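Tertiary structure, described
One letter stands for each residue in the lines below.
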Amino acid sequence: MMMQNKLIKNLIWGLIALLGASAVGGIALNRGESINALWFVTAALCIYAIAYRFYSAWLAAKVLVLDETRATPAERLENGRDFIPTNKWIVFGHHFAAIAGPGPLVGPTLAAQFGYLPGTLWILFGAVLGGCVQDMVTLFMSTRRNGRSLGQMARDEIGPIGGAAALIGTFAIMIILIAVLGLVVVNAMKHSPWATSTVAATIPIAMIVGLYMRHFRVGKVLEASALGVVLLLLAVVAGGWVDHSPWLNAIFDHEGLTLAWWVIAYGFAAAIMPVWLLLAPRDYLSTFMKLGTIVLLTLAIFALHPEVKMPALTQFVDGTGPIFGGKLFPFVFITIACGAISGFHALISSGTTPKLLTNERGIRMIGYGGMLLESFVAIMALIAATVLEPGVFFAINSPAGVVGKEAADAVALISSWGFPVTVEQMQTLATQMGESTLFARTGGAPSLAVGMASIFGSAFGNGMLAMWYHFAIMFEAIFILTTLDAGTRVGRFMLQDMLGNIWPKMADTSWWPSVLMTSAVVVAGWGYFLYIGVIDPNGGVNILWPLFGIANQMLAAIALSVGTGILIKSGKLRFAWVTGAPLAWLVVITSTAAFEKLTSADIRVGFFAAANDMATKLAAGVLPPEKAAVAPQLIFNQHLDAWLTICFVVLLWVVVLDMLRVAVQSYFGKPVLPSSEVPYQARVS
């Protein structure tokens with residue numbers, strides 16, 4: 001009987017592998033015709049199932065050797081504020097909500113400029129071999145080291161030079177990442193009372209749920225979840241009432257700068273509040289909204305099996321694309337970021353999550369499984385963007401500075417590329433979505449919302465397109481804001497760790513003076529970059545997103561360097577390829593992308609080239625008045641981005657080379673720093 005069951009299981013997994021391979025082959029080899037979106041969903045689900053069942057199980061059992069009898073930091077160091085043993089499903093919800101920011105939504109949408117094929121392949125295989133591995137390994141390493149931050153682990157395990165570079169690099173990169181998160185959410189909520197009011201409502205709702213589970217009905221997770229979901233749905237419905245009420249509309253209708261100040265204030269509050277009061281329940285509830293929407297989108301795709309209308313490859317693989325400059329290699333990997341591998345995840349995996357984990361057994365589900373789920377979100381975002389007519393896609397995402405301010409000029413140029421679109425078509429679409437115009441709505445979020453609304457409308461009624469569009473905008477904003485609050489908190493932990501090396505008291509996460517001061521510094525840092533992004537006439541994404549992508553992937557390389565070094569020091573050299581292979585790939589693509597951003601003469605690619613071009617036009621007096629007013633600051637920011645990129649590259653290579661030094665010394669039996677892993681302590685069952 002056992003042999004028969006094993007044979008049946010092997011047959012089932014063999015069929016899944018065959019189905020997945022067929023789907024990937026169909027996607028990769030299709031040319032000249034539209035392709036059914038079901039191929040993408042099938043390929044993703046089969047690959048994810050095989051990767052989780054076999055690869056993650058092997059990592060857990062052989063490489064990391066998870067031990068469910070071992071006490072976790074949440075149990076040993078419980079303090080009621082940051083170290084709190086938490087239900088594994090709440091931890092999973094918090095972790096997923098924290099890592100699933102703009103990358104899996106915006107990145108694949110923007111990268112569709114190259115066609116659907118490059119992004120699809122990178123999302124699928126980059127995640128299972130790189131992103132999931134990084135998240136799982138980092139979560140394990142931090143859990144075994146009292147929830148230490150990534151930079152602190154680098155210092156403890158690699159040495160003072162590489163550790164200092166990692167500490168500085170991760171903190172500086174974190175500031176950029178949070179700023180971009182804030183910018184995307186501000187752009188999504190700007191002049192959208194529906195989205196703004198709904199996102200604002202999630203804050204008191206989360207606090208109600210947190211108090212409910214903490215004091216009123218302790219441990220009643222299902223009750224609290226039901227309460228939270230009902231309140232969230234009511235908040236979505238109420239957002240529609242706000243949008244149609246003249247006086248409520250005025251209360252929640254704000255310019256980007258006003259929203260930026262509110263986001264900055266929220267970030268500070270989220271960083272200092274007890275994690276059980278706001279962060280964990282808010283992220284947990286946001287996960288319901290995120291997963292519910294993705295499941296609904298998946299069901300709609302299965303019901304409709306829409307055609308992906310974007311070609312597999314476009315002519316813009318040569319770097320001439322209207323949405324952003326740069327060739328297919330390396331910029332598709334930089335643009336997609338979180339959909340395949342994200343350094344930001346390493347900060348969450350070594351920040352808040354290990355402080356909540358109650359059993360090492362959850363590391364596989366939360367680390368590897370959480371990233372698989374994010375990768376699936378990226379696939380769904382890619383589908384939603386590419387089911388649009390290519391002409392519509394480019395009309396929404398192409399900046400006015402590229403295609404022209406007048407609608408007639410924009411459609412003429414886009415149609416000349418071989419992607420026909422008309423002014424009437426765009427106006428009708430805008431009216432259906434409840435917007436005045438959809439031209440030049442850059443940043444990825446609006447086109448993704450249009451794609452999602454089109455799918456939902458076809459499945460559940462086109463008469464509700466405006467509701468679906470604004471629901472999608474709100475969905476994206478919530479997706480991103482939950483990452484911002486967790487990121488700010490992790491940034492605070494990182495700064496406390498660094499200052500603790502000078503004054504040990506500052507490392508105490510329960511000491512209020514340290515909490516308040518470090519939170520203020522972190523928020524002020526990313527708040528500045530958010531401010532300069534908001535005042536940018538081009539929407540800020542063009543300035544910050546490339547830097548975000550490069551910084552994010554460099555941070556992933558730093559995390560994989562630390563993981564590789566620890567594996568080698570632990571006597572697991574034969575397993576070092578697990579983190580070493582994706583590390584080598586990331587070092588290549590980030591170094592190449594940084595080199596191009598620094599040296600390219602194309603003003604749409606090179607930071608220095610863009611700054612020099614704007615300075616020349618400003619001196620000649622040919623800039624429009626509104627752009628000339630902010631040109632000096634934009635020029636400064638382009639130079640700042642360039643020098644930050646140089647610093648990031650230097651810091652990355654310092655960490656990598658120092659890790660290689662430790663690896664060589666360990667291999668030849670020379671002295672290295674002792675392991676900082678906490679000695680075994682049994683769990684109290």
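Note that the structure is predicted; figures quoted are calculated from it, not measured. Residue numbers restart at each chain and count upward from 1, following the sequence in its written direction. For this predicted model, a pLDDT threshold of at least 70 governs which residues receive local features, and a threshold of 80 or more governs which side-chain atom pairs are given and counted, while totals over whole chains, interfaces and linings are taken from all residues. The side-chain values count all of the structure's non-hydrogen atoms but skip hydrogen atoms and water molecules.

1. Concerning the environment of A453
Its location among the elements puts A453 in helix α21 (residues 445-460). The exposure class of A453 is buried, given its relative accessible area of 0%. For the pair formed by A453 and A576, sequence separation is 123 residues and the distance between their alpha carbons is 45 Å. For this analysis, residues touch if any pair of their heavy atoms sits within 4.5 Å. Among residues more than four places away in sequence, those in contact with A453 are M433, L465, W468 and Y469. Only DSSP runs of H or I covering at least 4 residues are called helices, and only runs of E covering at least 2 are called strands; the numbering of each starts at the N terminus. Classification of residues uses two cut-offs on accessible area relative to the type maximum, computed with a 1.4 Å probe and protein chains only: under 20% is buried, over 50% is exposed, and between them is partly exposed.

2. Here's the deal with the packing of helix α14 (residues 328-336) against helix α25 (residues 577-599)
For any two helices packed against each other, one specifies the inter-axial angle together with the distance between the axes. As a packed pair, α14 and α25 sit with axes 9 Å apart at the nearest point and diverge in direction by 110°. With respect to α25, the element α14 is oriented roughly perpendicular. When α14 is examined against α25, the residues F329, P330, F331, F333 and I334 are found in contact with a partner set consisting of W585, V588, I589, T592, A593, E596 and K597. Only Asp, Glu, Lys and Arg are considered charged, only Ala, Val, Leu, Ile, Met, Phe, Trp, Tyr, Cys and Pro nonpolar, and every remaining residue, Gly among them, polar. For the contact of α14 with α25, the per-class residue count stands at nine nonpolar, one polar and two charged. Every angle, taken between N-to-C directions, lies between 0 and 180 degrees, and every axis is a line fitted to C-alpha atoms, over only the stretch in contact when it is a helix. Any angle that is under 35 degrees is reported as roughly parallel, and any over 145 degrees as roughly antiparallel; angles of 65 to 115 degrees are reported as roughly perpendicular and all others as oblique.

3. Re the pattern of salt bridges
A pairing counts as a salt bridge when a side-chain nitrogen of Lys or Arg comes within 4 Å of a carboxyl oxygen of Asp or Glu. A complete count under the given rule lists 13 salt bridges for this structure. The partner of R70 in a salt bridge is E360, and the shortest N-O contact between them spans 4.0 Å. Note that R70 is positioned in the loop between α2 (38-63) and α3 (73-76) and E360 in the loop between α15 (343-349) and α16 (362-386), a separation of 290 residues in sequence. Note that D156 and R155 form a salt bridge whose closest N and O atoms lie 3.6 Å from each other. By relative accessible area, which is 18% here, D156 ends up buried. The structure contains a network of salt bridges with shared partners spanning R70, R144, E360 and E677.

4. Some points on the environment of P104
Relative to the elements of secondary structure, P104 occurs in helix α5 (residues 103-111). Judged by relative accessible area, P104 falls into the buried class, the value being 0%. For P104 and D67, which are 37 residues apart along the polypeptide, the C-alpha to C-alpha distance reads 32 Å. Excluding its chain neighbours within four sequence positions, the residues that come into contact with P104 are C338, G339, E374, V377, A378 and A381.

5. A few points about the packing of aromatic side chains
Paired rings are identified among Phe, Tyr and Trp, the last through its six-membered ring, by centres lying within 6.5 Å, and are further divided according to the angle between planes into stacked (under 30 degrees), edge-to-face (over 60) and tilted (the rest). Evaluated as defined, the whole model comprises 24 aromatic pairs. Each ring, one from Y48 and one from F376, has its centre 6.4 Å from the other, and the planes form 85°; the classification is edge-to-face. Highlighted residues: Y48 in helix α2 and F376 in helix α16, separated in sequence by 328 residues. Under the relative-accessibility criterion, F376 is labelled buried at 9%. A ring pair is formed by Y667 and F668, whose centres lie 5.1 Å apart and whose planes are at 85°; its orientation type is edge-to-face. With a relative accessible area of 57%, Y667 lands in the exposed category. Residue classification places F668 among the exposed positions, given a relative accessible area of 58%. Counting every residue linked through ring pairs, the aromatic cluster contains Y52, Y55, W58, Y368, F575 and W577. Remark: a charge is flagged as sitting over a ring if the NZ atom of Lys or the CZ atom of Arg is within 6 Å of the ring centre and within 35 degrees of the ring normal. The ring of Y52 carries the charged tip of R364 above its face, separated from the ring centre by 4.3 Å. Directly above the aromatic system of F607 lies the positively charged group of K597, at a separation of 4.7 Å from the ring centroid.

6. With respect to helix α20 (residues 423-432)
Buried within α20 are the following residues: M426, L429 and A430. Buried residues of α20, seen end-on, are gathered within an arc of 100° and therefore sit on one face of the element. The exposed set on the far side of α20, more than 90 degrees from its buried face, consists of E424 and T431. Along its buried surface, α20 packs onto α17 (390-397) and α21. Where α20 terminates, the next one or two residues include G434, which has phi positive at roughly 75°. Relevant arc is that of directions from the helix axis to the C-beta atoms, nothing else.

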